[in-house]
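Below, each chain spelled out in residue letters.
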Amino acid sequence: MGPHPAVAAIRLAVRRVLHDILTDDSRHARTAGERAGGRIGVRLARHAGVLPEVPEIPEQTPNERPPSPLVLVACSGGADSMALASALAFEAPKLGIRAGGITVDHGLQPGSDLRAEEVVLRLRELGLDPVESITVAVGRDGGPEAAARDARYAALDAALERHGGTAILLGHTRDDQAETVLLGLARGSGIRSLSGMAAVSGAGGRYRRPFLQLDRQTARKACMVQSLPVWDDPHNADPAYTRSRLRHEGLPALEKALGKGVVEALARTAQLSRDDADALDTWASQAEASVRDAAGLLECAKLYALPPAVRRRILRRAAIQAGAPAGSLFARHIEEVDRLITGWRGQGAINLPGKVVAQRQGGRLVIRQG
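Residues numbered from 1 in each chain as written. Predicted model: local features only at pLDDT ≥ 70, side-chain atom pairs only at ≥ 80, totals over all residues. Heavy atoms only, no water.

Draft legend 1. Structural context of the overall build of the chain. The number of helices and strands found in the chain is 12 helices and 10 strands. By residue count, 41% of the 370 residues in the chain fall in the buried class. Nonlocal contacts in the chain, meaning residues at least 24 apart in sequence, comprise 66% of its contacts between residues at least 6 apart. Carbon and sulfur atoms form 55% of the exposed surface of the chain, whose accessible area is close to 19,900 Å². (Helix = DSSP H or I, 4+ residues; strand = E, 2+ residues; numbered from the N terminus. Buried < 20%, exposed > 50% of the residue type's maximum accessible area, 1.4 Å probe, protein only. Contact = heavy atoms within 4.5 Å. Areas by Shrake-Rupley, 256 points an atom, 1.4 Å probe, with all protein chains shown as cover.)

Draft legend 2. View of helix α12 (residues 331-342). Between its first and last C-alpha, α12 extends 16 Å over 12 residues, near the 16 Å set by a 1.5 Å rise per residue. Residues of α12 that are buried: His333, Ile334, Val337, Asp338, Leu340 and Ile341. The arc enclosing the buried residues of α12, seen along the axis, measures out at 140 degrees, which places them on a common side. Residues of α12 that are buried make contact with α10 (300-304), α11 (308-321), β8 (350-352), β9 (356-361) and β10 (364-369). (Expected span 1.5 Å × (residues − 1). Arc of directions from axis to C-beta.)

Draft legend 3. Structural detail: the sheet that holds strand β3 (residues 131-135). Pairing is mixed across the open sheet formed by six strands, whose spatial order is β3-β2-β1-β4-β6-β5. Where the open sheet ends on each side, the last strands, each with one partner, are β3 and β5 (200-201). Examined bridge by bridge, strand β1 (residues 70-74) and strand β2 (residues 98-105) share five bridges and lie parallel to one another. In the sheet register, alanine 74 faces β2, and the bridge partner there is isoleucine 102. Along the sheet, helix α2 (residues 79-91) contacts β1, β2 and β4 (167-169); its crossing angle with β1, the most-contacted strand, is approximately 160 degrees. Contacting β2 and β3, helix α3 (residues 112-125) runs over the sheet at an angle of about 170 degrees to β2. (Pairing = 2+ DSSP bridges. Axes fitted to C-alpha atoms, helices over the stretch in contact; angles between N-to-C directions.)

Draft legend 4. Geometry of the sheet that holds β9. The four strands are arranged β7-β10-β9-β8 in an open sheet whose pairing can be described as antiparallel. Each end of this open sheet is capped by a strand with a single partner; those strands are β7 (298-299) and β8. Judged from the three bridges that link them, β8 and β9 form a sheet pairing that is antiparallel. Among the inter-strand pairings, asparagine 351 is bridged to a residue of β9, identified as valine 357.

Draft legend 5. Expanded view of the packing of aromatic side chains. For the structure on display, the rule yields one aromatic pair. Where tyrosine 153 meets tyrosine 207, the ring centres are 5.1 Å apart and the plane angle is 85 degrees; that geometry is what we call edge-to-face. Residue tyrosine 153 is found in helix α4 (residues 144-163), and its partner tyrosine 207 is found in strand β6 (residues 207-208); the two are separated by 54 residues along the sequence. In this structure tyrosine 207 comes out as buried when scored by relative accessible area, which is 4%. Here arginine 11 stacks its cationic end above the ring of phenylalanine 90, 3.5 Å away from the centre of that ring. A cation over a ring is seen here: arginine 115 above tryptophan 231, with NZ or CZ 5.1 Å from the ring centre. (Phe/Tyr/Trp six-rings, centres within 6.5 Å; stacked < 30°, edge-to-face > 60°. Lys NZ or Arg CZ within 6 Å of the ring centre and 35° of its normal.)

Draft legend 6. Seen up close, the side chain of threonine 173. Along the chain, the position of threonine 173 falls in the loop between β4 and α5 (174-187). Using a relative accessible area of 0% as the deciding quantity, one classes threonine 173 as buried. The contacts of threonine 173, once residues within four sequence positions are left out, are Asp80, Phe211, Leu212, Leu214, Asp215 and Arg216.

Draft legend 7. Molecular detail of the pairing of β10. With two bridges joining them, β7 and β10 adopt antiparallel strand pairing. If you follow leucine 298 over to β10, its bridge partner there is leucine 365. Examined bridge by bridge, β9 and β10 share six bridges and lie antiparallel to one another. Bridging from a neighbouring strand, valine 356 pairs with glutamine 369 of β10. If you look at the hairpin formed by β9 and β10, you'll find two residues sitting between the two strands, and glycine 362 has a positive phi there, around 55 degrees.

Draft legend 8. The arrangement of the packing of α2 against helix α7 (residues 216-225) in detail. It is the contact of α2 with α7, at a shortest axis distance of 8 Å, that shows an interaxial angle of 60 degrees. Taken together, the axes of α2 and α7 are oblique relative to one another. Judged by the twist between their axes, the crossing of α2 over α7 is left-handed. Touching Ala79, Asp80, Met82 and Ala83 of α2 are Arg216, Ala219, Arg220, Ala222 and Cys223, all from α7. (Parallel < 35°, antiparallel > 145°, perpendicular 65-115°, else oblique. Left-handed = near helix turned anticlockwise from the far one by under 90°.)

As structure tokens, this is what we get:
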């Protein structure tokens, strides 16, 4: 008799992601091997006198077997991340992957250090190694939720580098995706906000989210049938937090008004929006060179001829390149800059976050530090 359907579902989701990680890892190893082969060819040419002798840096021999990749799970002790940790501990050894775990103590609740110690013990009981608890200082920029998220990801990035890991698994579910889409809709900041969380993100694709197609109840059920203790964060039920209100009031109200299936529809919207946003980003990247003059300045007439979605992406990218922080650059900022192209009436410069200024000069759009 096989595992419970919920356990089978989480294991399958993790197995697929681990296969992807192995594929990516072997591709990188093959590229490195090709570079090593090229260096061997250079050595032979030098030995034959075709190339001059120069000092070389010692390197790994082509026959050396690289170490097994290390995959970490970010675990808060909640049902989603505990289910993810259990699935990783089960699947990783079968694929020759080392599996470890990280828990982050935000220090925002009394006894959070004790909770972190308990999570560390649970992860070790699952057989994960290395396992580490990291305490972070949460700032105030962007509100409590954003500040905690920034501190958490900074700690995870540092842990991955410190342990020489390949990837970190995150326990975001389909329900989390639906909430993210609704939050993006409320901000009114465009199709990229509606695309929610990516299955693969971060520098070099380091963050992987295996559960984006699974609902929260599946993860909780998997923990229950495996007798895995879970911790329910009281912040997740605190109406002081926007996501908490959305989870306990907003989504239930939508399901009551529209019927079941809202979460699935929102998650599907995220994927469709992401596909569209990726295509538009590619178009904008390809079109940018054609709207710059020989000095690299943006030409207003050429920008005007582009579709608005493409033009605004170019403007946003130019603002970020000039020093505007991406997280503080909102749709309303880009709309104001866009009016310098589409509604030019001699208006003055536009002030953007990061002390960046955008202004129209002689048919060119100049975006630079003020």
